[in-house]
Structures are given as C-alpha cells and as structure tokens.
Amino acid sequence: MPDAMPFSVPPQPGPSSRQGPFRPIATQDLSRFPRPVIAGNRGFGWRVAWYLVNALFFQSALLALIPSRAKAAILRGFGAKVGPGLVCKPRVTIKYPWLLEIGAHVWLGERVWIDNPGPVRIGAHVCISQGVRIVTGSHDWARGDFRFFARPIEIGDSAWVTAHRVLRPGAIVPPRVVVLGDVSAGDGRGPRAASDGVSSEGAVR
C-alpha cells in the first residue's frame with residue numbers, strides 16, 4: 001500500500017469572503033478565557049433546582065407528558081413570563097426560564113432548545129417547530145481569549161419557525177413571517193466583544 005498522504009488544511013477564504021464554511025480565526029489560548037458574567041442570572045441554588053426540574057418535566061420523554069398548563073405554571077414559578085395557551089411538547093430544553101418571555105398561544109415543538117444566557121422574547125401565536133435551536137450566547141472567535149457574549153433574540157407575533165432552524169445571538173424575527181433558514185444578526189461577521197447583558201468577568205462595559 002502507498003504511504004498515507006499527510007493531512008493538509010484546505011485553503012481558507014479571507015475574512016471578507018462568503019464562500020465555504022471556514023473562516024480564519026486568531027490562535028486560541030483557552031487558558032485566558034474570562035469567566036462570563038450573566039446579568040439577571042439567579043444564584044447557584046436556583047440554577048440547580050431548575051436543572052433538575054427541566055430534566056424531569058421538560059426534557060423527559062415520559063414525565064414531560066404532563067399537561068402544558070402545568071409546564072406553564074412551572075415556568076412562571078421559575079420567573080418566566082408565560083401567556084395563556086402554551087403548548088409545550090416533550091424533550092424541550094430551556095436554559096434559564098427567568099430570562100424567557102412567551103406570549104399567548106405559543107407552540108414549542110419536540111426537542112426545541114432555548115439556550116438563553118441572554119433574554120428571549122417570543123410573541124403571541126408563534127409556532128416554534130421541532131428541533132429549533134434559539135441560541136443567545138456564543139464566543140468571539142476574533143479574539144484569542146474566545147470571550148463569551150450574548151445578545152437578545154426576539155420573535156414577532158404570528159411567526160412560524162420551521163423545523164431544525166437556528167436563531168443565533170441578536171436574531172430578530174419580524175411578525176407574520178415563516179422562517180425557512182437560519183437567522184443571524186451578524187451575517188457571518190465577527191461578533192462584538194460583549195453586549196446586551198452578558199459580558200466577561202472584569203470587562204469594561
């Protein structure tokens with residue numbers, strides 16, 4: 001057999017190029033990663049309690065069959081603002097309910113993942129289909145310390161987010177639209193270092 005060819009990194013486009021999935025980034029030094037500070041977050045005890053409740057009554061395939069009105073009551077008990085008529089399917093993951101606002105008659109499909117170290121506001125009569133990921137936080141890949149940031153996400157009234165879409169930090173979905181692709185505020189450009197309620201420990205804001 002011939003010798004195996006050495007692995008080589010394919011040519012990567014420049015920062016302004018929109019071709020291909022790759023972008024060059026700074027050399028990472030994760031030992032310098034500053035611990036995030038999340039404005040409005042609750043203490044360790046609250047987070048542990050929600051982790052357990054979330055695992056039992058939202059993420060589970062069996063216990064999550066409890067009525068949606070019970071799930072709405074649980075969310076309100078943990079600080080979420082939830083309107084009437086919530087429909088919440090099993091296997092939904094919500095990171096921080098105290099940073100979540102849901103309007104009236106909202107549907108959350110199976111395996112919806114709301115990863116919200118920043119605020120998420122969902123309008124009334126919104127359908128979030130199965131497998132949708134709503135992600136308010138990420139890391140600034142333009143910085144060597146990979147600093148964390150978050151931006152709010154808003155979804156307008158009567159919007160429909162189709163299955164397995166990703167809403168990235170700062171995404172805004174207008175009212176009365178159907179979302180047929182992933183939505184990003186940055187449009188592929190490097191994010192700001194920190195904004196909208198989440199910074200890194202010791203950062204100047």
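Overview of the structure. (Residues numbered from 1 in each chain as written. Predicted model: local features only at pLDDT ≥ 70, side-chain atom pairs only at ≥ 80, totals over all residues. Heavy atoms only, no water.)

1. Comments concerning the overall build of the protein
Reasoning step 1: A count of helices and strands for the protein gives 2 helices and 18 strands.
Reasoning step 2: Evaluated residue by residue, the protein yields a buried proportion of 39% over its 205 residues.
Reasoning step 3: Taking as baseline every contact in the protein between residues at least 6 positions apart, the subset at least 24 positions apart corresponds to 42%.
Reasoning step 4: As displayed, the protein has an accessible area near 11700 Å², and 59% of this comes from carbon and sulfur atoms. (Helix = DSSP H or I, 4+ residues; strand = E, 2+ residues; numbered from the N terminus. Buried < 20%, exposed > 50% of the residue type's maximum accessible area, 1.4 Å probe, protein only. Contact = heavy atoms within 4.5 Å. Areas by Shrake-Rupley, 256 points an atom, 1.4 Å probe, with all protein chains shown as cover.)

2. Let's talk about the pattern of salt bridges
Reasoning step 1: Going through the model one piece at a time under the given rule, you end up with 5 salt bridges.
Reasoning step 2: One salt bridge connects Asp145 with Arg143, and the closest N-O pair in it is separated by 2.8 Å.
Reasoning step 3: On the basis of relative accessibility, which here comes to 28%, the residue Arg143 falls in the partly exposed class.
Reasoning step 4: Two residues, Arg168 and Asp182, come together in a salt bridge whose shortest N-O distance is 3.6 Å. Of this pair, Arg168 sits in the loop between strand 15 (166-167) and strand 16 (172-173) while Asp182 sits in the loop between strand 17 (178-179) and strand 18 (198-200), placing them 14 residues apart in sequence. (Salt bridge = Lys/Arg side-chain N within 4 Å of Asp/Glu carboxyl O.)

3. Some words on unusual backbone geometry
Reasoning step 1: Here His164, not a glycine, exhibits a phi torsion of approximately 65°, which is positive.
Reasoning step 2: Within the secondary structure, His164 sits in the loop between strand 14 (160-161) and strand 15.
Reasoning step 3: Residue His164 is classed as exposed on the basis of its relative accessible area, which comes to 57%.
Reasoning step 4: The phi dihedral of Arg176 falls on the positive side, at around 55°, and the residue is not glycine.
Reasoning step 5: Looking at the secondary structure, you find Arg176 in the loop between strand 16 and strand 17.

4. Some points on the nonpolar core
Reasoning step 1: If you look at the biggest cluster of nonpolar residues, it comprises 37 residues, and the most contacted ones within it are Leu86, Ile122, Ile128, Ile134 and Ile155.
Reasoning step 2: Of all the elements in the fold, those that place two or more residues in this core are helix 1 (44-57), helix 2 (68-77), strand 5 (100-102), strand 8 (120-122) and strand 13 (153-155).
Reasoning step 3: Excluding residues within four positions of it along the chain, Ile128 makes contact with Trp107, Leu108, Gly109, Val112, Ile122, Ile134, Ile155 and Val161. (Core = buried A, V, L, I, M, F, W, Y, C linked by side-chain atoms within 4.5 Å.)

5. What about the packing of aromatic side chains?
The geometry of an aromatic ring pair comes down to the distance between the two centres and the angle between the two planes.
Reasoning step 1: Taken as a whole and judged by the stated rule, the model has 4 aromatic pairs.
Reasoning step 2: Their ring planes at 85° and their centres at 5.6 Å tell us that Trp46 and Phe78 sit as a pair that is edge-to-face. One end of the pair, Trp46, is in helix 1; the other, Phe78, is in the loop between helix 2 and strand 2 (81-82), and 32 residues separate them in sequence.
Reasoning step 3: Measuring from ring centre to ring centre gives 5.5 Å for Tyr96 and Trp98, while their planes differ by 25°; the resulting arrangement is stacked. Neither Tyr96 nor Trp98 differs from the other in exposure class; each is buried.
Reasoning step 4: Within the aromatic cluster, the residues linked to one another by ring pairs are Trp46, Trp50, Phe58 and Phe78. (Phe/Tyr/Trp six-rings, centres within 6.5 Å; stacked < 30°, edge-to-face > 60°.)

6. Quick look at the sheet that holds strand 8
Reasoning step 1: Read across the open sheet, the 5 strands follow the order 2-5-8-13-16; overall the sheet is parallel. Two strands close off the open sheet at either side, each with one partner strand: strand 2 and strand 16.
Reasoning step 2: Bridge analysis of strand 5 against strand 8 gives 3 bridges, and the strand direction is parallel. Counted as the bridge partner of Glu101 is Arg121 from strand 8. (Pairing = 2+ DSSP bridges.)

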